[in-house]
Amino acid sequence: MAIILGVDPGSRITGYGIIRTQGRQLEYLDSGCIRLGEKPLAERLQTIFHSLATLIGEYRPDEFAIEQVFMARNPDSALKLGQARGAAIVSAANSGLPVFEYSARQVKQAVVGRGSAEKSQVQHMVQAILGLSRKPQADAADALAIAMCHAHMSQSVVRVGAGSPQSGAGARGKVRGGRIR
């Protein structure tokens, strides 16, 4: 059993999603958005850091998964996104959590079955898989999808590792492939 905190970083809105896994079973624990408003960037980054530290303290996740930076059309936006990711990663690292990263394509493939899925499709599948009564807000759905992707990838590695002649150390090496070193 593991608790996974997934984060969809953003300099205006950072989504988070927390799930518990037991085997192939996924259980929804919490999700939401850290709304950062129009404050100066340094204050927004501080809010991301402290908000995630609070969630980590409350839920005690075992692992942290975050979306990789993609190259946006606007270089300034890409830099701000990278800084938001950094604040989130440092919050996890300060708590001693292993950090894993996944591309948007990997997340969509794991949750929807297509790497080019639309946001609305991700929302729908997150709602269906987790048995939620309503669709989560888009950024929270993305964060839940990131956590679900990590759970799926970890399960795939466990299955592959269990069937291979290598010891568990080899399998752990594979699961850590997405880990930030």
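The rules behind the values
Residues numbered from 1 in each chain as written. Predicted model: local features only at pLDDT ≥ 70, side-chain atom pairs only at ≥ 80, totals over all residues. Heavy atoms only, no water. UniProt positions renumbered as here; feature names shortened; annotations may be inferred. Pairing = 2+ DSSP bridges. Helix = DSSP H or I, 4+ residues; strand = E, 2+ residues; numbered from the N terminus. Axes fitted to C-alpha atoms, helices over the stretch in contact; angles between N-to-C directions. Contact = heavy atoms within 4.5 Å.

With an unreviewed UniProt entry as reference, the chain is termed Crossover junction endodeoxyribonuclease RuvC, source organism Marinobacter zhejiangensis. In its Sequence similarities (unreviewed entry) section, the UniProt record describing the chain reads: "Belongs to the RuvC family." The heading Catalytic activity (unreviewed entry) in the UniProt record of the chain holds the text "Endonucleolytic cleavage at a junction such as a reciprocal single-stranded crossover between two homologous DNA duplexes (Holliday junction)."

Caption draft 1: Representation of the sheet that holds strand β5 (residues 99–102). The 5 strands are arranged β3-β2-β1-β4-β5 in an open sheet whose pairing can be described as mixed. Of all the strands in the sheet, the pair left with one neighbour each is β3 (25–35) and β5. Across the sheet, the axes of successive neighbouring strands diverge by a mean angle of 20°, strand direction being ignored. As paired strands, strand β1 (residues 2–8) and strand β4 (residues 63–67) are joined by 4 bridges and run parallel to one another. When the bridges of β4 are listed, Ile 4 appears paired with Glu 63. With respect to the sheet, helix α1 (residues 41–59) is in contact with β1, β2 (13–22) and β3, its orientation differing from that of β3 by roughly 150°.

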